[in-house]
Amino acid sequence: MLARFDDIAGHDRSLRVLRRSLTSGRMHHSFVFHGPDAVGKRTVAMTLAAALNCTRTGGLGDAAGAPHVSDDACGLCNSCQKVDKGIHPDVVYLTLERTVIPIDAIRQLRQEAAYRPYEGRWRVFIIDPADRLSADAQNALLKTLEEPSSCSCIILITSRLMHLLPTTRSRCQMLPFGSLPVELLAARLAQRHDMAAPDAARAARLAGGRYGAALSLDLPAHDATRAELLEVLGRLSEPGPRAHVLEDVEAFGEDAEEIASRLTLLAGLVRDMMVLSAGAPASALIHQDSAGDLARLADRFTTRLDAIQDRVRLAASDLERNVNRKLLVETLMFDIGSGAAPA
Ligand SMILES: [Zn+2]
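Please read all numbers here as calculations on a predicted model, not as lab measurements.

Participant: Which residues make up the overall build of the protein, and what values go with them?
Facilitator: The helix and strand inventory of the protein stands at 15 helices and five strands. Each principal axis of the C-alpha distribution contributes one length, and for the protein these read about 80 × 45 × 30 Å. For the protein, with 343 residues in total, the buried portion stands at 38%. For the protein, the proportion of contacts with a sequence separation of at least 24, taken over those separated by at least 6, is 73%.

Okay, structure coming up:
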């Protein structure tokens, strides 16, 4: 079911801007939605696409610029439902598994953005993630961003704003998105997604307040991986031969996404150890239910926890380049091991 603006929690400033522009009849034609992954940027883009074309609340007459009678989508009309199902002919969602969006796709978008809408009032193009546009592709898009047709709207979604050229950014209205307060997210998860309160609280905490991340979290799978990582950390915290490291490397798998998610989890565990060794109570932890294990580990690593944290971050950023993943995890393991207190 399509989320209406009324249903969306957080992002207050950005939603205010969008809702105001719907009813004022002065809609921007190009936006950059930026902020962390999985906080709801795509959801808001879809809602905007629906609101622009909604047949119940949309503009009077068929002029794209006419003010809307409401600042939200209805979520129920034929047009809203088509947007929700991804079959509205005027709403194009451009995303690619490949690392770079080919320039041909942008040339085609440029042509299409000049057409009149097929059945709605607005043609909406959502590029997600827009940081996969090469510099050439962004340059190809500039003219369309600068002189959009009166009934087209382009939304660039990114969690890596620095990958967009200054020229691209300057032609778009920039709208920030962020995570929700953990308590608010936990309440929403319980109310709207039928999660038991303790699970909702844990998912919200683990996801760091990111709505989409909390929804896609598989708690049992997460717990199994965490148990594995705690064991690996336990072995690394012991003084002595490091023969087990090669086996521990296997636990990370070979898939880049899999490794990335394990590194994120690992960073959270190290963060919690730092929190504990700073004397904070267990309630300040992300992994409150592993407080005992983490406290024991924190005692073993003590002096080098911040260095380990930096090291895990470095591994995560190295992973984004095409490095030898096995070697990356291997050196990370040895480095973490060398941070253990001597026997
Ligand atoms: Zn509608």
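That was the structure; now back to the text.
Participant: Run through the packing of helix α10 (residues 219–237) against helix α12 (residues 256–277), naming residues and quoting values.
Facilitator: Relative to each other, α10 and α12 sit at 65°, their axes nearing to 10 Å. Pair α10 / α12 crosses with right-handed handedness. Together, T225, R226, L229 and L233 of α10 and R262, L265, L266 and L269 of α12 make up the contact between the two elements. Of the residues that constitute the contact of α10 with α12, the class distribution is five nonpolar, one polar and two charged.

Participant: Before we move on, could you go through the nonpolar core and cite the residues and values that matter?
Facilitator: Membership of the largest hydrophobic core comes to 60 residues, with the highest contact counts inside it found for F33, A45, A49, A50, V124, I155 and L156. Of all the elements, helix α2 (residues 41–53) adds the most residues to this core, at eight residues. Setting aside chain neighbours within four positions, we find F33 in contact with K41, V44, A45, I155, I157, L175 and F177. Counting residues in hydrophobic clusters, the runner-up holds 27 residues, among them V232, F252, I259 and L263.

Participant: I'd love a proper account of the packing of α10 against helix α13 (residues 291–301), names of residues and values included.
Facilitator: Across the interface, α10 lies against α13 with an axial gap of 10 Å and an inter-helix angle of 30°. Between α10 and α13, the interaxial angle falls into the category roughly parallel. For the element pair α10 and α13, the recorded crossing hand is left-handed. Taken together, the residues of α13 that come into contact with α10 (itself represented by L230, L233, G234 and S237) are D293, L297, R300 and F301. When the residues that make up the contact of α10 with α13 are grouped by side-chain class, the tally is four nonpolar, two polar and two charged.

Participant: Report on the sheet that holds strand β2 (residues 91–94), specifying residues and quantitative values.
Facilitator: Pairing is parallel in the open sheet, where five strands are placed in the order β2-β3-β4-β1-β5. Among the strands making up the open sheet, the edge pair consists of β2 and β5 (173–176). Across the sheet, the mean angle separating the axes of adjacent strands is 15° when strand polarity is ignored. Inspection of the sheet shows strand β1 (residues 30–34) paired to β5 by four bridges, in the parallel sense.

Participant: Explain α12 residue by residue, including any values.
Facilitator: A rise of 1.5 Å per residue sets the reference length of α12, with its 22 residues, at 32 Å; its end C-alpha atoms lie 31 Å apart and thus fit the reference within 8%. Residues I259, R262, L263, L265, L266, L269, V270, D272, M273 and L276 constitute the buried set of α12. Check the buried side of α12 and you find it contacts α10, α13, α14 (305–320) and α15 (325–337). Where α12 terminates, the next one or two residues include G279, which has phi positive at roughly 90°.

Participant: Can you tell me about the pairing of strand β3 (residues 123–127), naming the residues and giving the values?
Facilitator: β3 sits mainly inside the fold: five of its five residues count as buried. Neither face of β3 is exposed, since R123, F125 and I127 on one face and V124 and I126 on the opposite face are all buried. Direction of pairing for β2 relative to β3: parallel, over a ladder of four bridges. By the bridge assignment for β3, V92 is matched with F125. Strand direction decides the pairing type here: β3 and strand β4 (residues 152–158), joined by five bridges, are parallel. If you follow I126 over to β4, its bridge partner there is I155. With helix α5 (residues 135–146) bridging β3 and the parallel β4, this β-α-β connection has right-handed handedness.

Participant: Could you give an account of the environment of R271, naming the residues involved and the relevant values?
Facilitator: Turning to its location among the elements, R271 is positioned in helix α12. C-alpha separation for the pair R271 and D306, spaced 35 residues apart in sequence, amounts to 8.5 Å. In this structure, R271 is in contact with I286 and Q309, ignoring residues within four places of it in sequence.

What counts, and at which threshold
- Residues numbered from 1 in each chain as written.
- Predicted model: local features only at pLDDT ≥ 70, side-chain atom pairs only at ≥ 80, totals over all residues.
- Helix = DSSP H or I, 4+ residues; strand = E, 2+ residues; numbered from the N terminus.
- Buried ≥ 20, exposed ≤ 12 C-beta atoms within 10 Å, placed from the backbone.
- Contact = placed C-beta atoms within 7 Å.
- Axes fitted to C-alpha atoms, helices over the stretch in contact; angles between N-to-C directions.
- Left-handed = near helix turned anticlockwise from the far one by under 90°.
- Nonpolar A, V, L, I, M, F, W, Y, C, P; charged D, E, K, R; others polar.
- Core = buried A, V, L, I, M, F, W, Y, C linked by C-beta atoms within 7 Å.
- Parallel < 35°, antiparallel > 145°, perpendicular 65-115°, else oblique.
- Pairing = 2+ DSSP bridges.
- Expected span 1.5 Å × (residues − 1).
- Right-handed = clockwise from strand over helix to strand, strands pointing away.

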